[in-house]
Amino acid sequence: MKAFIRVMKAVSDPTRVKILKILEKRMMCVCELQTSLGAAQSTTSKHLKILEDAGLVASRKDGLWVNYTLADGSQSPFAASLLGNLRHWLNDEPEIAALVEKTAHIDRFEIMNRN
């Protein structure tokens, strides 16, 4: 039951649901996600850690970058089921649609050049 509760708690926060919907579209690094969400790096990282611990998100280091994607569901059947269903949920929600559209134009190299 602990694995089920971990997944449900992970998706109980609106920001974490937004992260999952964004990652449905493409792999992203923390700086891209934080720019998309308008959140601090530390806050975004904490959300990603919770999602990763629940088996919903996977990370892979690539040089200086840590890239995040949706997990394949192999860690938890609850995570796999939720991720499968989430692909069909909230797509018509205006806030989610706007966020996904905004995210399509975010690029890590542009973000780095601004800093």
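Refer to the structure above for everything that follows.
Residues numbered from 1 in each chain as written. Predicted model: local features only at pLDDT ≥ 70, side-chain atom pairs only at ≥ 80, totals over all residues. Heavy atoms only, no water.

Student: Please clarify how the nonpolar core should be interpreted in this entry.
Tutor: The tendency in soluble globular proteins is for nonpolar side chains to be buried as a group. Formed by 24 residues in total, the largest nonpolar core has its most connected members in Leu20, Leu23, Leu33, Leu48, Leu51, Leu56 and Val57. At the level of secondary structure, the elements contributing two or more residues to this core comprise helix 1 (2-10), helix 2 (14-23), helix 3 (30-37), helix 4 (41-53), strand 3 (65-70) and helix 5 (77-86). Top contributing element to this core by residue count: helix 2, with five residues. By size, the runner-up hydrophobic cluster in this structure holds five residues, among which are Cys29, Trp65, Ile106 and Ile111. (Core = buried A, V, L, I, M, F, W, Y, C linked by side-chain atoms within 4.5 Å. Buried < 20%, exposed > 50% of the residue type's maximum accessible area, 1.4 Å probe, protein only. Helix = DSSP H or I, 4+ residues; strand = E, 2+ residues; numbered from the N terminus.)

Student: Just checking my understanding: could you explain the sheet that holds strand 1 (residues 28-29) for this structure?
Tutor: For sheets, the rule is that strands pair by backbone hydrogen bonds, running either parallel or antiparallel. Here we have three strands laid out as an open sheet, ordered 1-3-2, and antiparallel in their pairing. In this open sheet, the two strands that pair with only one neighbour each are strand 1 and strand 2 (57-62). Relative to strand 3, strand 1 runs antiparallel, the two being bridged by two bridges. Each residue of the ladder has a partner; that of Met28, found in strand 3, is Tyr68. Each of strand 2 and strand 3 is contacted by helix 4, which is oriented at about 115 degrees to strand 2, the strand it contacts most. (Pairing = 2+ DSSP bridges. Contact = heavy atoms within 4.5 Å. Axes fitted to C-alpha atoms, helices over the stretch in contact; angles between N-to-C directions.)

Student: I keep staring at a nonpolar patch on the surface and nothing clicks. Help me out?
Tutor: Where nonpolar side chains cluster on the molecular surface, the patch consists of Met1, Phe4, Ile5, Met8 and Phe78 and spans about 480 Å² of accessible area. Tallying contributions element by element places helix 1 first for the nonpolar patch, with three residues. (Patch = residues over 30% accessible without salt bridge, like charges linked within 9 Å, V, L, I, M, F, W, Y side chains within 5 Å. Areas by Shrake-Rupley, 256 points an atom, 1.4 Å probe, with all protein chains shown as cover. Salt bridge = Lys/Arg side-chain N within 4 Å of Asp/Glu carboxyl O.)

Student: Just checking my understanding: could you explain the packing of aromatic side chains for this structure?
Tutor: What describes a pair of aromatic rings is the distance from one ring centre to the other and the angle between the planes of the rings. The full count for this structure, using the stated rule, is two aromatic pairs. Look at Phe4 and Phe78: their rings are 5.4 Å apart centre to centre, the planes differ by 75 degrees, and that puts the pair in the edge-to-face class. With a gap of 74 residues between them, Phe4 in helix 1 and Phe78 in helix 5 connect regions that are remote in the sequence. On the basis of relative accessibility, which here comes to 34%, the residue Phe4 falls in the partly exposed class. When its relative accessible area of 35% is taken as the criterion, Phe78 is described as partly exposed. Geometrically, the ring pair formed by Trp65 and Phe109 is edge-to-face, given 5.9 Å between the ring centres and 80 degrees between the ring planes. (Phe/Tyr/Trp six-rings, centres within 6.5 Å; stacked < 30°, edge-to-face > 60°.)

Student: How should the packing of helix 3 against helix 6 (residues 94-103) be read in this particular structure?
Tutor: Helix packing geometry: the angle between the two helix axes and the distance between the axes. Direction vectors running N to C along helix 3 and helix 6 enclose 135 degrees, while the axes themselves pass 10 Å from each other. Taken as axis vectors, helix 3 and helix 6 run oblique relative to one another. For the element pair helix 3 and helix 6, the recorded crossing hand is right-handed. Within the contact between the two elements, helix 3 uses Thr35, Ser36 and Leu37 and helix 6 uses Leu99, Lys102 and Thr103. Split into classes, the residues belonging to the contact of helix 3 with helix 6 amount to two nonpolar, three polar and one charged. (Parallel < 35°, antiparallel > 145°, perpendicular 65-115°, else oblique. Left-handed = near helix turned anticlockwise from the far one by under 90°. Nonpolar A, V, L, I, M, F, W, Y, C, P; charged D, E, K, R; others polar.)

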